[in-house]
Every structure is written in structure tokens, then in C-alpha cells.
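Here is how the chains run, residue by residue.
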Amino acid sequence: ISCKKLLDYGMPWLDQAVLADFIASGSYDNYLKRLRSLYRNRRDRLIKELTDKLGEVELRGTECGTHLVWKLPEWAPDANQLQKLMLNRNVGVYNLWHDSICNWDYAKECNRLLLLGYGAISEENISEGIGRIVSELKQNSL
């Protein structure tokens, strides 16, 4: 018989007690509010950088989550090409064929859709990354 089984019969009672206290104290609500604000600011920065540098852009999934989908303009390289170009510039963007995330709703236009994540990147790095993307687009659209 293991020591853990003798102590708690395999139930994470201590973890549950700590989580219950975290929730009851209001700390969990405060944590969620900080996260919502952080991600909202990052999303807003991403959208602002795109629109400031490129004008009107077609975006999807801006209502929630930590990423959005950008439909590339017709004059831009396709999503697969742009993903490869940006990899050389240390900017992580992903076409929707990546890891089979493209569903049938998007299949017809999947080569024009680019996934942009903002959950793990600072606002400053978002600005820098969009600047690199725009620079690459201008170089490759001439």
C-alpha cells in the first residue's frame, strides 16, 4: 500500500481545499478579471495594429478566445506562403491547414485564412510582429 493511499485514499483533498479557499476569498474572481483585461488589451492591440497599418481587414473570432482568424487580402501571398515567410522573420502565424484545424466551413477559403494568437505575447511584441508581417506583405506584393 502506498503512502498516498494511506494518507488520503487517492483523493486530492488538499488541492480541493486550497481551490475552495481561493474561490471563496474572491481571489479567483479577481484573477479572472485581470486575465480578461489582459487578453482584451492584447486583442485590441492586434486589431488596432492591423487596421492602422493595412486599413480595413476581415477578422473572425474577435469575440472570445486568445486568437483570431485574418482573411488575407487577395493581393497578399496565400496563408501557407506567408506562414513560411514569417517563420524566417521569427513571427509565429499559422495557416488553418496546420494541424488540421480547418473545418468544412472554411475549407473553400482556407488558403486565405491566417491564425493569429495573442495569448502568450506582450502588446509590444504584437506591434513588432504585425510590423514584420506588414513589411513582408509589402515586399512580396510588388
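Predicted model only: the values in this text are computed from it and were never measured.

Undergrad: Break down the overall build of the chain for me, citing the residues and quoting the values.
TA: A tally of regular secondary structure across the chain gives 5 helices and 4 strands. Helices (α) and strands (β) of the chain occur, in sequence order from the N terminus, as α-α-α-β-β-α-β-β-α. For the chain, with 142 residues in total, the buried portion stands at 28%. A separation of at least 24 residues holds for 60% of the contacts in the chain among residues at least 6 apart in sequence. On the chain, roughly 9600 Å² of surface is accessible, and the fraction owed to carbon and sulfur atoms is 54%.

Undergrad: Can you lay out helix α2 (residues 13-24) for me, pointing to particular residues and giving the numbers?
TA: With 12 residues, α2 extends 16 Å from end C-alpha to end C-alpha; this agrees with the ideal 16 Å at 1.5 Å per step. Judged by how many residues are buried, α2 sits mostly at the surface: 0 of 12 residues are covered.

Undergrad: Break down the nonpolar core for me, with residues and values.
TA: By size, the foremost hydrophobic cluster in this structure holds 20 residues, and its most contacted members are Leu46, Trp70, Leu114, Leu116 and Ile133. A per-element tally of this core places helix α5 (residues 123-140) first, with 5 residues. If we ignore the near neighbours within four places in the chain, the residues touching Ile133 are Trp70, Leu82, Met86, Val91, Val93 and Leu116. In this structure, Leu96, Cys110, Leu113 and Leu115 belong to the second largest nonpolar core, which totals 5 residues.

Undergrad: Any details on a nonpolar patch on the surface? Residues and values, ideally.
TA: Where nonpolar side chains cluster on the molecular surface, the patch consists of Leu19, Phe22, Ile23, Tyr28 and Tyr31 and spans about 440 Å² of accessible area. Of all the elements in the fold, those that place two or more residues in the nonpolar patch are α2 and α3 (27-54). Tallying contributions element by element places α2 first for the nonpolar patch, with 3 residues.

Undergrad: Outline the pairing of strand β4 (residues 113-117), listing residues and values.
TA: Counting buried residues in β4 gives 4 out of 5 residues, a clear majority hidden from the surface. Pairing analysis gives 5 bridges linking strand β2 (residues 67-71) to β4, with the strands arranged antiparallel. Counted as the bridge partner of Leu68 is Leu116 from β4.

Undergrad: Before we move on, could you go through the pattern of salt bridges and cite the residues and values that matter?
TA: Side-chain pairing between opposite charges can occur once the charged atoms of the two side chains come close. Under the criterion given, the structure shown has 9 salt bridges. Glu49 is the salt-bridge partner of Lys53, the closest N and O atoms lying 2.4 Å from each other. Of this pair, Lys53 and Glu49 both sit in helix α3, 4 residues apart, which is roughly one turn of the helix. Under the relative-accessibility criterion, Glu49 is labelled buried at 11%. For Glu109, the salt bridge identified is with Arg60, shortest N-O distance 2.7 Å. Taken together, the residues Glu109 in the loop between β3 (94-95) and β4 and Arg60 in strand β1 (residues 58-60) connect sequence positions 49 residues apart.

Undergrad: Account for the sheet that holds β1, naming residues and giving values.
TA: Strand order in the open sheet made by the 4 strands is β1-β2-β4-β3, with antiparallel pairing throughout. Two strands in the sheet have a free side with no partner beyond their single neighbour: β1 and β3. Pairing of β3 with β4, which is carried by 2 bridges, proceeds in the antiparallel orientation. Bridging across to β4, Asn95 finds its partner in Leu114. Across the sheet, α3 is in contact with β1, β2 and β4; its angle to β2 comes to roughly 20°.

About the criteria used
Residues numbered from 1 in each chain as written. Predicted model: local features only at pLDDT ≥ 70, side-chain atom pairs only at ≥ 80, totals over all residues. Heavy atoms only, no water. Helix = DSSP H or I, 4+ residues; strand = E, 2+ residues; numbered from the N terminus. Buried < 20%, exposed > 50% of the residue type's maximum accessible area, 1.4 Å probe, protein only. Contact = heavy atoms within 4.5 Å. Areas by Shrake-Rupley, 256 points an atom, 1.4 Å probe, with all protein chains shown as cover. Expected span 1.5 Å × (residues − 1). Core = buried A, V, L, I, M, F, W, Y, C linked by side-chain atoms within 4.5 Å. Patch = residues over 30% accessible without salt bridge, like charges linked within 9 Å, V, L, I, M, F, W, Y side chains within 5 Å. Salt bridge = Lys/Arg side-chain N within 4 Å of Asp/Glu carboxyl O. Pairing = 2+ DSSP bridges. Axes fitted to C-alpha atoms, helices over the stretch in contact; angles between N-to-C directions.

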